[in-house]
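# Results of the structural survey
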Amino acid sequence: MTTDHRQASSDDPRVLLDEQVGVFEPVPPYPPRTEREAEFYSLEDGELLINIGPHHPATHGVMRVVMKLNGETIVDLDPVLGYLHRGVEKLCENADLHQTIAYMDPLEYVSSLFCEWPAVMAYEKLLDVEVPRRAEYIRVLTGELNRISSHLLAMGFHALDLGGLTPILYSFIERDEIVEMLAAITGQRMLFNYFRIGGVNGDLNHEFMSRLGDWMSRATEQVEANVGLLSENEIFVRRNRGIGVMDAETAIKMCWTGPNLRASGVPFDIRRAHPYSVYPEIDFDIPTRQEGDSLARYLLRIDEVKQSLRIIDQCLHQMPDGPVMAKLPRLLRPRPGRAFAAVEGPRGEYAIYAVSDGTDQPFRFRIHDPSFLHLQSFGRLVPGKLIADWMTVNASLDPIMGGIDK
Amino acid sequence: MDRAIRHRLEERFGDVLAEPVRQRHDETEIRIEPRDVPDVLRALYDEPAFGFQLLADLAGVDTGDSMEVVYHLWSATSTDWLRVIAVGLDRDAPRTPSIVSLWPGAEWLEREAYDMFGIIFEGNRDLRRIFMPPDYTSFPLRKDFYLPDDAARSPGAGVRAMEASHAPRNAPAGTVRRVGGRV
Amino acid sequence: MTALARTWGRLTLPGKVVFTLVPLLAVLTAGLIAVIALFGGAVVDVLNANLGIVRFVAAATIILVITIPIAFLNIYLEMKIIALMNLRVGPDRVGPWGTALSVVHGLKVLMKEDFTPSGADSVVFTWAPVVTYAAAVLTMLVLPFAPGLYGQDFNIGLLFFFAMGGLGVVGLLMGGWASFNKYSLLGGLRSAAQIISYEIPLTLSVVGLLILAGTMSLNTIVEQQSGWFADWYVFRQPLGFLIFFIAATAEGNRTPFDLTEADSEIVAGFATEYSGMRFGFFFFAEYVNVFILSALTVVLFLGGWNAPLEIDPLLEWIGGVLPGLGITTPVTIALDPGGLGLPLLFLLALVPPIGTLLLAAPFYLLRSSMRWWVALIIGFLLFNVVAGGLLMAWAYVSFEWVAGLLWFLGKTFAFVFVFVWMRGTLPRVRIDQLMGFAWKWLLPAALLNLFVTAFAVVLVGS
């Protein structure tokens, strides 16, 4: 039995019941604070407001979307965030540099290495540290493995939100293999805490290499088989084609990055546009699609997985020997200054802006998450379509609420 | 470190820059007044010599003495990230023009800066809280923010009518962490 | 006494249930046997006098009772088959291969908290699942399970079936409306629209078959398909079969048409606010629906209880050929058990031990490490299998209804497997795609089927 903390006017339980009956509207109990809020919460004839979430099987985390519906057609949307807000930026201001790296993992928990990467890059700029080449190659290798596992998960959940129960389990077989091999070097299956300032925490070991070898030998056909389940399925294609179309110019104006931007025709990838780490030495393509709909985003993720397999292959062949960690003093004192570092994560540009005041705690630690901006565009992608289409668009944009809510 | 962009920036915006252009590693930084933000960013957006059409980040910073809004931009004409800092916002009533007209995607980023710092972005149609609950009365990332159970009494409490608190505005001296020095 | 009280106190609830029910049932059985022994003759006379009523009561009881095991079996099959398709294991622990899981689920929903949401219309809220379940159960009244095994043989049996199936919509609408919840309302409206839209292709697709059959009585339709499998209506009405199957998938709210219970969109649709046994009723109704839709497909198009190849000519041939080979007496005895009398009883008593020893001997002799009692156990189990198989074969051959029931159930569960297979494989369609498909594709196709059939009948007839 849940207890109700609100004041009851008497102890009679029927009074509480009567009070509760009227409180089912998603309209907030205060006057609208902004123009947009006033515009959204004023209903025309025949419109109704419905809450999707926060408890919902398909919101990719804890997110609430207030939808204004006319029958089954969506008229407008207002996403309400903050259910997973943990105050990470504030926590990082009170933690020293190594502890902030551990705070970074649970943000985009599916692709944790990409959350740690810009943090360590920003600190390396503030400390003027040179990362050994072997460590850079290991970072790229593990990062691309993480990208593959994140994309597989995204595709599996895309199918699950549309009703197909099977592809997600097939994707998770592959993801399990990848996660086990990363656990062999990092010790963790999910929130890896592997990157360190100046390198990585420990070299590759025999178990990792043997697992990787096994997996790589059948990775391509396996991924092809898994995605072939859906790419040619008539129902899946008809649910996704033409839904959630975003053209290139609007995508840039809405500050989109990552596969969602590339599916709209803009060939922007930070690994090529502003190269970092050892990506200039690795040969890979930037897959781009022109349609900008959900199907294009889905197919683009498949293409990216194939490119990541290429990158992993080249990393394995080109990896030099050497130390995996730069020589650093025990107590790190970065110079007073500012640093910005951005990496290309599976969802887009994941960036950290660190302001240091010379102590071993960051003065300001700003985290920029790509899915935050993808969610903002619901208002442009979905009105005029049905609730089922919102589901499709949400699944194809692949948001992770941990990163969005920080 | 891109020397060319530095020359171009000094030529074009020399009169509005609050401080000389700084460069370190692969970042170029310019500092301007808040009132110049729309013009400078529009010039950076439109002019083909610059072409900074991708907004990578919009952040608020509370330096302890003042507030700042930091924009990070990317362009194909430069190998550096361009950091535009609008310096000198008043800590007690921070206001700056909004860039939603240039990048509609900045609406939520500005909402987040408002929610965390209390910075009012003039021209943003939807400036309400995004992470914190709508009846929250403090701005958490301010340096004088107390723990949540004292938030209503914190001097960092809100600037809008709905979020007004009865606490004194100024924090006691010595409690606010300042960034100090040339950061 | 105190030992009993202590044992009672240490039992869990299921244990207490078993401890109460088993002695009760034993007493009741003993009483029943006594009653039958004492008054059996008189009772049989009374029953014989009122055979019609007895038949009706028996049919109604059996149908009500049998829907529950059918639902349990369907739930288990769905969980297990989808799990195997997902490369998972599925229910594994609760019974042998997890078969007791659905029974445990049934008990669990009985034990859940039973509440009505505040603001909900409690009368309508309570009666909605009953209406849906009753509609599903009523349709079983006309299904012919085997020759002689049916509830009623209406001459408008098919119409009755569709009418009762349509009643299920009322229950869904009631559930969606009475829940005082926008999700439920949306779900209820969606499901009502879906089911009503697909009723039309469903009924139209069988009108062609009705023209060919000339009757709406399901029994007669099945009898018309006797012979061998080429007599089945699926070969004479292939388009009708296809349309019927697709429309039946939509009628039963099964994937790819399961938007009403799309748990990734509107949580559970009309059943969002339901929990406990009320939800259990909706759930059961859905799985009974799967069974009856498969059963109807089998009855209408796949020959019902008819075997694909008739075995009677084969048996006659065997009976005719064997005397020519000199084997007469044993075969006639095997086919006419009442012949020998008391010696036969002795023979029957000796068969199990002899059979056990015979089947145990090879294991004991050929495996040196085999202990004698292990060999005997294996022999006994094998004998049971063999004897059971022989008895089944004899029953199959001698009793028409055994053969018919086996074929009917086999074919029905093959279609249940197809429904479950579709659920495990396909994503779901959108509501507008679903409605468009019904009205723009299935309906014209059903009409086309009807016209072509009518045209062909007139042409052939003239």
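I will try to describe carefully the structure that is included in this document. What you are looking at is a predicted structure, and each value in this text was computed from that prediction instead of being measured. (Residues numbered from 1 in each chain as written. Chains lettered and ligands numbered in written order. Predicted model: local features only at pLDDT ≥ 70, side-chain atom pairs only at ≥ 80, totals over all residues. Heavy atoms only, no water.)

### A few points about the overall build of chain B
The condition is simple: Under the DSSP-based scheme used, a helix requires at least four consecutive residues in state H or I and a strand at least two consecutive residues in state E, with every element numbered from the N terminus. Residues are treated as being in contact if the distance between any of their heavy atoms lies within 4.5 Å.
Within chain B, the secondary structure is distributed over three helices and seven strands. Each helix (α) and strand (β) of chain B, taken in turn from the N terminus, gives the series α-β-β-α-β-β-β-β-α-β. A separation threshold of at least 6 residues defines the contact pool for chain B, and within that pool the share at least 24 residues apart is 49%.

### Notes on empty space enclosed by the protein
Residues and elements named next belong to chain A. To be explicit about the condition: Only protein atoms enter the calculation, which uses a 1 Å grid: trapped sets of points that fit a 1.4 Å probe without letting it out are cavities, open sets showing protein on both sides within 12 Å along at least five of seven lines are pockets, and any residue with an atom within 4 Å of a point is a lining residue. Grid points are joined across faces, edges and corners, and a volume is the space filled by probe spheres set on the points. When residues are sorted by character, Ala, Val, Leu, Ile, Met, Phe, Trp, Tyr, Cys and Pro go into the nonpolar class, Asp, Glu, Lys and Arg into the charged class, and all the rest, Gly among them, into the polar class.
Per the counting criterion, the structure on display carries five cavities of 30 Å³ or more. Roughly 60 Å³ of internal volume is contained in the largest cavity. Forming the walls of the largest cavity are L152, M155, G156, P167, S171, N226, V227, L230 and Y298. Here the residues of the lining of the largest cavity are counted per class, giving six nonpolar, three polar and no charged.

### Some points on the nonpolar core
The nonpolar side chains of soluble globular proteins are, as a tendency, buried together. Under the convention used in this document: By nonpolar core is meant a set of buried Ala, Val, Leu, Ile, Met, Phe, Trp, Tyr and Cys residues that side-chain atoms within 4.5 Å join together. Throughout this description, buried means an accessible area under 20% of the type-specific maximum (1.4 Å probe, protein chains only), exposed means over 50%, and partly exposed covers the range between.
If you look at the biggest cluster of nonpolar residues, it comprises 168 residues, and the most contacted ones within it are W390(A) and L44(B). Broken down by element, this core gets its largest block of residues, eleven residues, from helix 5 (residues 112–127) of chain A. For L44(B), the contacting residues outside a window of four places in its chain are L9(B), F13(B), F50(B), G51(B), F52(B), L73(B), L82(B) and V84(B). If you look at the next biggest cluster of nonpolar residues, it comprises 75 residues, including M85(C), L143(C), L302(C) and L443(C).

### Section: the pairing of strand 7 (residues 349–356) of chain A
Residues and elements named next belong to chain A. Quick reminder of the rule: For two strands to be treated as a pair, DSSP must find no fewer than two bridges joining them.
With eight of its eight residues buried, strand 7 lies for the most part within the structure. A two-sided burial pattern is seen for strand 7, the buried positions comprising E349, A351, Y353 and V355 on one face and Y350, I352, A354 and S356 on the other. Inspection of the sheet shows strand 6 (residues 337–344) paired to strand 7 by eight bridges, in the antiparallel sense. Residue A342 lies in a different strand from strand 7, and its bridge partner there is A351.

### What about the packing of helix 7 (residues 182–213) of chain C against helix 16 (residues 431–461) of chain C?
Residues and elements named next belong to chain C. What counts is decided by this rule: Here an angle of 0 to 180 degrees is reported between the N-to-C directions of two axes, which are lines fitted to C-alpha atoms, with helices fitted over the stretch in contact. Should an angle fall under 35 degrees it is called roughly parallel, over 145 degrees roughly antiparallel, and 65 to 115 degrees roughly perpendicular, with every other angle called oblique. With the far helix as reference, a near helix turned anticlockwise by less than a right angle produces a left-handed crossing, and one turned clockwise produces a right-handed crossing.
The N-to-C vectors of helix 7 and helix 16 enclose an angle of 10°; their axes lie 8 Å apart at closest approach. In this view, helix 7 runs roughly parallel relative to helix 16, as classed from their interaxial angle. The two elements helix 7 and helix 16 meet at a crossing, and its hand is left-handed. Here the residues of the contact of helix 7 with helix 16 are counted per class, giving 21 nonpolar, six polar and one charged.

### Let's talk about helix 10 (residues 276–301) of chain C
Turn by turn, an α-helix covers 3.6 residues, leaving residues three or four places apart pointing in a common direction. Residues and elements named next belong to chain C. Note the following rule: In this scheme, a helix's expected span is set at 1.5 Å multiplied by one less than its residue total.
With 26 residues, helix 10 extends 38 Å from end C-alpha to end C-alpha; this agrees with the ideal 38 Å at 1.5 Å per step. Burial analysis of helix 10 places 21 of its 26 residues in the buried class, which makes it a mostly covered element. Two residues or fewer after helix 10 comes G303, characterised by a positive phi angle close to 85°.

### Thoughts on the sheet that holds strand 4 (residues 67–74) of chain B
The strands making up a sheet are joined through hydrogen bonds of the backbone, oriented either antiparallel or parallel. All names here are of chain B. In space, the five strands of this open sheet follow the order 1-2-5-4-3, with mixed pairing throughout. Looking at strand neighbours, the two that pair on one side only are strand 1 (17–24) and strand 3 (54–62), the edges of this open sheet. If you compare each strand with its neighbour and ignore which way they point, the axes differ by 15° on average. In this sheet, strand 2 (residues 27–32) lies alongside strand 1 in antiparallel orientation, the contact comprising five bridges. Bridge assignment links L17 to a residue of strand 2, and that residue is I32. The strands touched by helix 3 (residues 106–117) within the sheet are strand 3 and strand 4, with strand 3 carrying the most contacts at an inclination of about 10°.

### Some details on helix 15 (residues 400–425) of chain C
All names here are of chain C. Its 26 residues place the ends of helix 15 38 Å apart at the C-alpha level, agreeing with the 38 Å of an ideal helix rising 1.5 Å per residue. Along helix 15, the positions that sit buried rather than exposed are V402, A403, G404, F408, K411, T412, F415, V416, F419, V420, M422 and G424. Turning to helix 15, the residues buried within the fold contact helix 3 (51–85), helix 9 (238–251), helix 10 and helix 14 (372–398).

### Regarding the side chain of T257(A)
Residue and element names in this part refer to chain A. Which entries qualify depends on this criterion: Definition of a polar contact: a pair of N or O atoms within 3.5 Å, with one able to donate and the other able to accept a hydrogen when the atoms are protein atoms, and with sequence-neighbouring residues admitted only if both atoms are side-chain atoms.
One can find T257 in the loop between helix 10 (248–253) and helix 11 (259–262). Of note is the side chain of T257, whose polar atom sits 2.9 Å from the backbone nitrogen of E349. If we ignore the near neighbours within four places in the chain, the residues touching T257 are F268, R347, G348, E349, P370 and H374.

### What about unusual backbone geometry?
All names here are of chain A. Despite not being glycine, S277 has its phi angle at roughly 55°, a positive value. Accessibility expressed as a relative area gives 23% for S277, which makes it partly exposed. With a phi close to 55°, D398 is a non-glycine residue in the positive phi region. Structurally, D398 can be placed in the loop between helix 16 (387–397) and helix 17 (401–405). Here D398 falls in the buried class, since its relative accessible area comes to 1%.

### Quick look at the environment of L299(A)
Residues and elements named next belong to chain A. Along the chain, L299 falls in helix 13 (residues 294–318). Along the chain, L299 and P259 lie 40 residues apart, while their C-alpha atoms are 9.9 Å from each other. Setting aside chain neighbours within four positions, we find L299 in contact with S231 and R289.

### Concerning the packing of aromatic side chains
The relation between two aromatic rings is expressed through the spacing of the ring centres and the mutual angle of the planes. Note the threshold: When two rings of Phe, Tyr or Trp (its six-membered ring) have centres within 6.5 Å they constitute a pair, described as stacked for plane angles under 30 degrees, edge-to-face for angles over 60, and tilted for the intermediate range. Note on criteria: charge over ring means Lys NZ or Arg CZ within 6 Å of the ring centre, with the direction from the centre no more than 35 degrees off the ring normal.
Per the counting criterion, the structure on display carries 41 aromatic pairs over all chains. Ring geometry for F236(A) versus Y298(A): centroids 5.0 Å apart, planes at 65°, classification edge-to-face. Placement of F236(A) in helix 9 (residues 234–240) and of Y298(A) in helix 13 is noted, with a sequence separation of 62 residues between them. Of the two residues examined, F236(A) and Y298(A), each falls in the buried class. When the ring of F229(C) is compared with that of W232(C), the centres are 6.5 Å apart and the planes differ by 65°; the resulting orientation is edge-to-face. Accessibility expressed as a relative area gives 34% for F229(C), which makes it partly exposed. Aromatic ring contacts, followed pair by pair, group F114(A), W117(A), Y194(A), F195(A), Y276(A), Y279(A) and F284(A) into a single cluster. Here R139(A) stacks its cationic end above the ring of F195(A), 5.4 Å away from the centre of that ring.

### Looking at the sheet that holds strand 6 of chain A
Residue and element names in this part refer to chain A. Pairing is antiparallel across the open sheet formed by three strands, whose spatial order is 6-7-8. Edge strands, defined here as strands with exactly one partner in the open sheet, are strand 6 and strand 8 (362–368). Strand-to-strand twist of the sheet, defined as the mean angle between neighbouring strand axes without regard to direction, takes the value 10°. Across the sheet, helix 5 touches strand 6, strand 7 and strand 8, and the angle it forms with strand 6 is around 145°.

### Regarding the interface of chain C and chain A
Just so we agree on the cut-off: Note on definitions: buried area is the accessible-area loss of two parts on being combined, 1.4 Å probe, summed for both. Throughout this description, the term salt bridge denotes a Lys or Arg side-chain nitrogen within 4 Å of a carboxyl oxygen of Asp or Glu.
Taken together, the contact between chain C and chain A spans 29 residues of the former and 40 residues of the latter. Summed over both partners, the interface of chain C with chain A comes to about 2,800 Å²; 60% of that surface belongs to carbon and sulfur atoms. On the surface where chain C and chain A come into contact, there are one salt bridge. The interface formed by chain C and chain A holds seven residue pairs in polar contact (both at pLDDT 80 or more) in total. Every element with two or more residues in the side of chain C that touches chain A is listed here: helix 3, helix 7, helix 15 and helix 16 of chain C.

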